[in-house]
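A look at the structure
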Amino acid sequence: MSAKLIGGMAQPDEEGGINERLGDDELRAVLSRLGDEEDKASFGLVCKRWLRLQSTERRKLCARAGPHMLTRLAARFTRLRHLDLSQSVSRSFYPGVTDSDLSVVAAAFSSLRILNLHNCKGITDKGLTSLAAGIPSLQFLDVSYCRKLTDKGLSSIAKGCCDLRALYVVGCRFVTDTLLSALSMNCSNLEELGLQGCSNITDSGLTVLVEGCKRLKLLDLNKCGNIGDIGISSIAKACYSSLLTLKLLDCYKVGDESIISLAKTCKNLETLIIGGCREISDESIKQFASACHDSLKNLRMDWCLNVSDASLECIFSLCMKLEVLDVGCCEEITDAAFQGLGSDESKLSLKILRVSNCPKITVDGIRKLLKSCDALEYIDVRSCPHVTEVRCHEAELQFPVGCKVNFSGSLLEPDVLL
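The text that follows walks through the structure, step by step, so that each part is easy to find. Quantities reported herein were computed from a predicted structural model and do not represent experimental measurements. (Residues numbered from 1 in each chain as written. Predicted model: local features only at pLDDT ≥ 70, side-chain atom pairs only at ≥ 80, totals over all residues. Heavy atoms only, no water.)

A separate point is the pattern of salt bridges. In the structure shown here, the tally under the stated rule is 8 salt bridges. Measuring nitrogen to oxygen at the nearest pair gives 3.1 Å for the salt bridge that ties Asp-250 to Lys-223. Highlighted residues: Asp-250 in the loop between β10 (245-247) and α12 (256-265) and Lys-223 in the loop between β9 (218-220) and α11 (229-238), separated in sequence by 27 residues. Its relative accessible area of 40% is what places Lys-223 among the partly exposed residues. Arg-382 is paired through a salt bridge with Asp-380; the nearest N and O atoms lie 2.6 Å apart. Just as Arg-382 is buried, Asp-380 falls in that class too. (Salt bridge = Lys/Arg side-chain N within 4 Å of Asp/Glu carboxyl O. Helix = DSSP H or I, 4+ residues; strand = E, 2+ residues; numbered from the N terminus. Buried < 20%, exposed > 50% of the residue type's maximum accessible area, 1.4 Å probe, protein only.)

Turning our attention to the nonpolar core. Counting residues in hydrophobic clusters, the biggest one holds 119 residues, and the most contacted among them are Leu-117, Leu-183 and Met-301. If sequence neighbours within four positions are ignored, Leu-117 has contacts with Leu-85, Ser-86, Val-97, Leu-102, Ile-123, Leu-131, Leu-141, Asp-142, Val-143, Ser-144 and Cys-146. (Core = buried A, V, L, I, M, F, W, Y, C linked by side-chain atoms within 4.5 Å. Contact = heavy atoms within 4.5 Å.)

Attention now moves to helix α10 (residues 203-212). For α10, every residue scored as buried is listed here: Asp-203, Gly-205, Leu-206, Leu-209, Val-210 and Gly-212. On its buried face, α10 sits against α9 (177-186), β8 (192-194) and α11.

Look at Cys-329: it is not a glycine, yet its phi comes out positive at around 70 degrees. If you trace the backbone, Cys-329 turns up in the loop between β13 (324-326) and β14 (352-354). Cys-329 sits in the buried class, given a relative accessible area of 10%. A positive phi angle, close to 60 degrees, is found at Ser-383, a residue other than glycine. Tracing the backbone shows Ser-383 in the loop between β15 (378-380) and α16 (389-394).

Okay, helix α13 (residues 282-291) next. Helical geometry note: an α-helix holds 3.6 residues per turn, so side chains three or four residues apart project in the same direction. For α13, every residue scored as buried is listed here: Asp-282, Ser-284, Ile-285, Phe-288, Ala-289 and Ala-291. Buried positions along α13 lie against α12, β11 (271-273) and α14 (309-318).

This part covers the state of the cysteines. Counted according to the given criterion, the structure contains 0 disulfides. The closest cysteine sulfur to the non-disulfide-bonded Cys-120 is located on Cys-146, 5.3 Å from its own sulfur. Under the relative-accessibility criterion, Cys-120 is labelled buried at 0%. (Disulfide = S-S within 2.5 Å.)

Keep in mind these values describe shape, not function.
This is how it looks when you write it as structure tokens:
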């Protein structure tokens, strides 16, 4: 006879309990087929044996800090792969994650592959050195906004965790080219690197980085004001087959040479952020759109003051997979940018469009756009004096069902492209 389920709990049948009939491997197979988290939690309520199996199969855990608590968690969740100790900006408890906590993590969570320490401001190089020595198999580390960290601790991670695939050091202002050199020498499998706000990074550091790290898929250089065309051209040449996302927000030294280099080599690029790169012009944008028309999904070029209708005409005619476009504050853009739209052959995949502070765009241009954008979910027309809510109503514009139109909303809205 088979075991019966009463109230969601396994009950013994007349010939013996289910624990006598199923081994650990069979019970793990049952657990693996439970897709709902609530069902997985119920599994552990059956008995101590089932709870132990559930615990050993747990792969991801979000936890609070504290050496005693972490030691207990390590004893229970022995095969953990993903540990999230990140802290919210709004959480003010003291002291948060410390170097002592990282020592426990390094000693007790030997199977760890992913560690999130985002916004753990209390940790220092000493804690990272412990991690590097204790968890050489670490593949993902986020220490963004851990502001006490320097090249010393981060380089120890690069040297100790040679299979590192992703490293995020966003807002770590003490990071320099020294870290990029350590990554280049030790982490040839690196695929994601987040350096936003690391203003001490230079072209020389990027050139050294890609000598060893040629598999980069995502590189975030937003607000790294010391990098320019030499560094970006080096990345384009070295990572041409792998690079999918490149972020260069407010990198004011980046110009047409960088974009032309990307156009020549990086044919698979899906996301390009060049907002605030004011030296970029139509010449390079048209080459880039032509080269990446089969892959490009997200393009942000707000405040690129030399970009005009010619760039948008090219983008709209070639980049049929484009989903997000930001041309805010590109003041030379007019309705002529949309003149090629309106036919069934030119249907776009565009979901998000920002044309805020484009004073020459009118309701007529938006009307043309809407005929080709059935999938539009959000459009930002703030500070467009000829595209007001009243004028759109008078012109009887029909926005797609569910599309949010921002005529005068807050500037503090989340930035999907940052």
